[in-house]
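Survey of secondary and tertiary structure
Residue-level listing of the chains:
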Amino acid sequence: MVKFVIYDDEKSFRNNIKESITNVMSELDIEYKIEEFDKYNNKMMKTINDDSSKIYIMDIEIPGGMSGIDVARRIRTKDWNSIIILVTSHVDMGYEALKAQIMLLDFISKFNDCKDSLEKTVKKAINKIDNKKVLIFENSEMTYKVYTDDIIYILKDSIDRKCIIKTDYNEITVSETITSLSNMLDSRFFLSHRSCIVNTEKITMIDWKNGIVYFQNGDIIDYLARNKKKELKEYVRSC
């Protein structure tokens, strides 16, 4: 089940969004549900707080109400797995949304091929959900759910003999070994060092001379072993 949550004060535009969702989902064998809101209220708050993964499509500007950016911030205080798409009548506000660190999938102009852009983005969101493999880690106090798409790199902590999983939104420490984690992951992930696994899709640049790897989120690590450079270089070239 995919749950879509629409937040927009204009009924006509909510109807347009529902039509775009229906156009995309009619081609797929996936059960879905749509909830729509014209204002932030207790019912919407309950929807945000439930455990289901959702695709939010929200207007940035809600006259007299909470903006889509502010709602997105509330969502991200407890949910980094759901997908957020913002729509706007003012492109400059869209750029402000991208700077708000709320992990948007996209923002869409209401006046620039909105229907086509929205349907393409909904397809992208569905593909992102379909491609997400979940790893579950538990200890005596907590249960962690980590999507492999969100993993940037994994480092072995030589002192505690545990591993630190760095994601787009946080980092968690688990008891598994580098080898066992490597066996859980797909071909995107490369053992760059006996103490490190990197997600090659998150890499922006590699300094081969100094063995430094740069990632999309701005992180930099120097866990690139000499005997791994050639193999990683060949892998990157083949992608």
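This write-up is about the structure you can find in this document. Small disclaimer: the values here were computed from a predicted structure and weren't measured.

Calculation criteria
- Residues numbered from 1 in each chain as written.
- Predicted model: local features only at pLDDT ≥ 70, side-chain atom pairs only at ≥ 80, totals over all residues.
- Heavy atoms only, no water.
- Phe/Tyr/Trp six-rings, centres within 6.5 Å; stacked < 30°, edge-to-face > 60°.
- Lys NZ or Arg CZ within 6 Å of the ring centre and 35° of its normal.
- Helix = DSSP H or I, 4+ residues; strand = E, 2+ residues; numbered from the N terminus.
- Buried < 20%, exposed > 50% of the residue type's maximum accessible area, 1.4 Å probe, protein only.
- Lys, Arg positive; Asp, Glu negative; His and termini not counted.
- Salt bridge = Lys/Arg side-chain N within 4 Å of Asp/Glu carboxyl O.
- Contact = heavy atoms within 4.5 Å.

**What to know about the packing of aromatic side chains**
Applying the stated rule across the entire model yields 3 aromatic pairs. The cationic tip of Lys233 hangs over the ring face of Trp208; the distance from NZ or CZ to the ring centre is 4.9 Å.

**Let's talk about the side chain of Lys228**
Structurally, Lys228 can be placed in helix H7 (residues 226–238). We note that Lys228 is buried and unpaired, the nearest opposite charge coming from Glu231 at a distance of 4.2 Å. Those residues in contact with Lys228, other than ones at most four positions away along the chain, are Phe190, Leu191, Ser192 and His193.

**Let's talk about the pattern of salt bridges**
Summed over all chains, the structure comprises 17 salt bridges. The closest approach of N and O atoms between Asp219 and Lys166, which form a salt bridge, is 3.8 Å. Linking Asp219 in the loop between strand S14 (212–215) and strand S15 (220–221) with Lys166 in strand S9 (residues 162–167), this pair joins segments that are 53 residues apart in sequence. One exposure class covers both Asp219 and Lys166, and it is buried. Between Lys202 and Asp168 there is a salt bridge, and its shortest N-O distance comes to 2.8 Å. Taken together, the residues span a long stretch of sequence, with Lys202 in the loop between strand S12 (196–199) and strand S13 (203–207) and Asp168 in the loop between S9 and strand S10 (171–174) at a distance of 34 residues. The class of Lys202 is buried, set by a relative accessible area of 12%. On the accessibility criterion, Asp168 (33% relative accessible area) is partly exposed.

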